[in-house]
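Single-letter residue listing:
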Amino acid sequence: MASKIASPRPYWDDPSGPLQSFKTWFTLLDGWFQIQDIDRQTPLTDKQKNHMLLLSLGSEGMKIFQSNPAMESVNDMSYEDFSKEVKEAFVIPTNPVRAHFDLFQRRQHPTETVSEFLSSLRTLAADCVFCNDCNQKMLATMLVVGCSSKDTQEKLLTEKEIDFDRFISILKAEESA
């Protein structure tokens, strides 16, 4: 039984297009491989996964990776080792100061929904090394600071506690009003 779930789009096909998070893209691709293994009588071989990973990098991604020495061993390496080489080529270590700066500068765009804004904040906060409780409080604070509606922002500022779930409820109620 073949899976009806489409593979993730290529990592980087268009040099002028936006570049997605490699970590997120790779997680999607790896999950897709897992589904393929479940649906197949015979699981994908490491060689098949390696080549599928290469093809999934997209044309621009391939340009970057083609000079990597691992390219010569694509047929012989385990998927685990090969994917590690690919990750090392594309995952850029995060500068924590820059990560915090980017998070603190983020503001909701006028046409952006609360869900889209929250998703962006979560993505930015992932590179900030906050404890779990601190992460929720920081996201709640950034929802207030970055909110595009001054009226909603004032409503949030009247709250007595920093409560992430409460802030989300208020924002979504205001958005749908």
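For the structure, check the block above.
Below, the structure is looked at part by part. Note that the structure is a prediction, hence the values are computed from the model and not measured.

## Some words on the pattern of salt bridges
Where charged atoms of side chains with opposite charge meet at close range, the side chains can pair.
At step 1: Using the criterion set out here, one finds five salt bridges in the structure.
At step 2: Note that Glu 60 and Lys 63 form a salt bridge whose closest N and O atoms lie 3.0 Å from each other. Pair noted here: Glu 60 and Lys 63 are both in helix H3 (residues 58-65), with a separation of three residues, about one helical turn.
At step 3: Residue Glu 60 is classed as buried on the basis of its relative accessible area, which comes to 12%.
At step 4: Between Arg 106 and Glu 112 there is a salt bridge whose closest N-O contact spans 2.5 Å. Like Glu 112, Arg 106 is buried.

## Details of the state of the cysteines
In a disulfide, the sulfur atoms of two cysteines are covalently bonded to one another.
At step 1: Summed over the entire model, instances satisfying the criterion amount to one disulfide.
At step 2: A sulfur-sulfur separation of 2.4 Å characterises the disulfide bridge that pairs Cys 131 with Cys 134. Between Cys 131 and Cys 134 the sulfur-sulfur dihedral comes to about 70°; the bridge is accordingly right-handed.
At step 3: A residue is classified by how much of its surface remains accessible, and Cys 134, at 37% relative accessible area, is partly exposed.
At step 4: The structure places no disulfide on Cys 128, whose sulfur is separated from the nearest cysteine sulfur, that of Cys 134, by 12 Å.

## Brief notes about the environment of Leu 157
At step 1: Mapped onto the secondary structure, Leu 157 falls in helix H8 (residues 150-157).
At step 2: By relative accessible area, Leu 157 is classed as exposed at 51%.
At step 3: Here the alpha-carbon distance between Leu 157 and Phe 167, two residues ten residues apart in the chain, equals 9.9 Å.

## Section: the packing of H3 against helix H4 (residues 79-90)
At step 1: Put simply, H3 and H4 touch, their axes get as near as 10 Å, and they point 95° apart. Considering the angle they form, H3 stands roughly perpendicular to H4. Across the interface between the two elements, Gly 61, Ile 64 and Phe 65 of H3 pack against Phe 82, Glu 85, Val 86, Ala 89 and Phe 90 of H4.

## Brief notes about the environment of Trp 25
At step 1: By the element assignment, Trp 25 lies in helix H1 (residues 22-39).
At step 2: Given a relative accessible area of 0%, Trp 25 falls into the buried group.
At step 3: Placed 66 residues apart in sequence, Trp 25 and Val 91 show a C-alpha to C-alpha distance of 11 Å.
At step 4: Those residues in contact with Trp 25 that sit more than four places away from it in its chain are Pro 8, Arg 9, Pro 10, Tyr 11, Gln 20, Leu 53, Ser 56 and Leu 57.

## Points about the side chain of Lys 49
At step 1: Tracing the sequence through the fold places Lys 49 in helix H2 (residues 46-56).
At step 2: Assessed through its relative accessible area of 9%, Lys 49 is described here as buried.
At step 3: What Lys 49 contacts, discounting residues up to four positions off in sequence, is Phe 33, Asp 37, Leu 44 and Tyr 79.

## Some details on the packing of aromatic side chains
At step 1: Within the structure shown, the criterion is met by ten aromatic pairs.
At step 2: When the centroid spacing of 5.4 Å and the interplanar angle of 50° are considered together, the rings of Tyr 11 and Trp 25 count as tilted. One end of the pair, Tyr 11, is in the segment before H1; the other, Trp 25, is in helix H1, with 14 residues separating them in the sequence. There is no split in this pair, since Tyr 11 and Trp 25 are both buried.
At step 3: Summarising the aromatic geometry, the rings of Trp 32 and Phe 33 are spaced 5.9 Å apart at their centres and angled 45° between planes, so their arrangement reads as tilted. Grouping residues by exposure puts Trp 32 and Phe 33 together as buried.
At step 4: Taken together, Tyr 11, Phe 22, Trp 25, Phe 26, Phe 65, Phe 82 and Phe 90 form an aromatic cluster joined through their ring pairs.
At step 5: Sitting over the ring of Tyr 79, Lys 49 keeps its end group 5.3 Å from the ring centre.

Thresholds applied
For every chain, the first residue of its written sequence is number 1, and the numbers climb from 1 along that sequence. Side-chain atom pairs in this predicted model are given and counted only at pLDDT of 80 or more, local residue features only at pLDDT of at least 70, and totals for whole chains, interfaces and linings cover all residues. Excluding hydrogens and water, the side-chain values take into account all heavy atoms of the structure. By convention in these notes, a salt bridge is any Lys or Arg side-chain nitrogen within 4 Å of a carboxyl oxygen on Asp or Glu. Where helices and strands are cited, they refer to DSSP runs of H or I of at least four residues and of E of at least two residues respectively, numbered from the N terminus. For every residue, the accessible area obtained with a 1.4 Å probe (protein chains only) is divided by the maximum for its type, and the residue is called buried under 20%, exposed over 50%, and partly exposed between those limits. Disulfides are defined as pairs of cysteine sulfur atoms found within 2.5 Å of each other. Here an angle of 0 to 180 degrees is reported between the N-to-C directions of two axes, which are lines fitted to C-alpha atoms, with helices fitted over the stretch in contact. Note that the term roughly parallel is reserved for angles under 35 degrees, roughly antiparallel for angles over 145, roughly perpendicular for angles of 65 to 115, and oblique for everything else. Two residues form a contact once any of their heavy atoms are found within 4.5 Å. Centres within 6.5 Å make a pair out of two Phe, Tyr or Trp rings, where for Trp the six-membered ring is used; the pair is then stacked when the planes are under 30 degrees apart, edge-to-face when over 60, and tilted otherwise. A ring is scored as having a charge over it whenever the NZ atom of a lysine or the CZ atom of an arginine sits within 6 Å of its centre and within 35 degrees of its normal.

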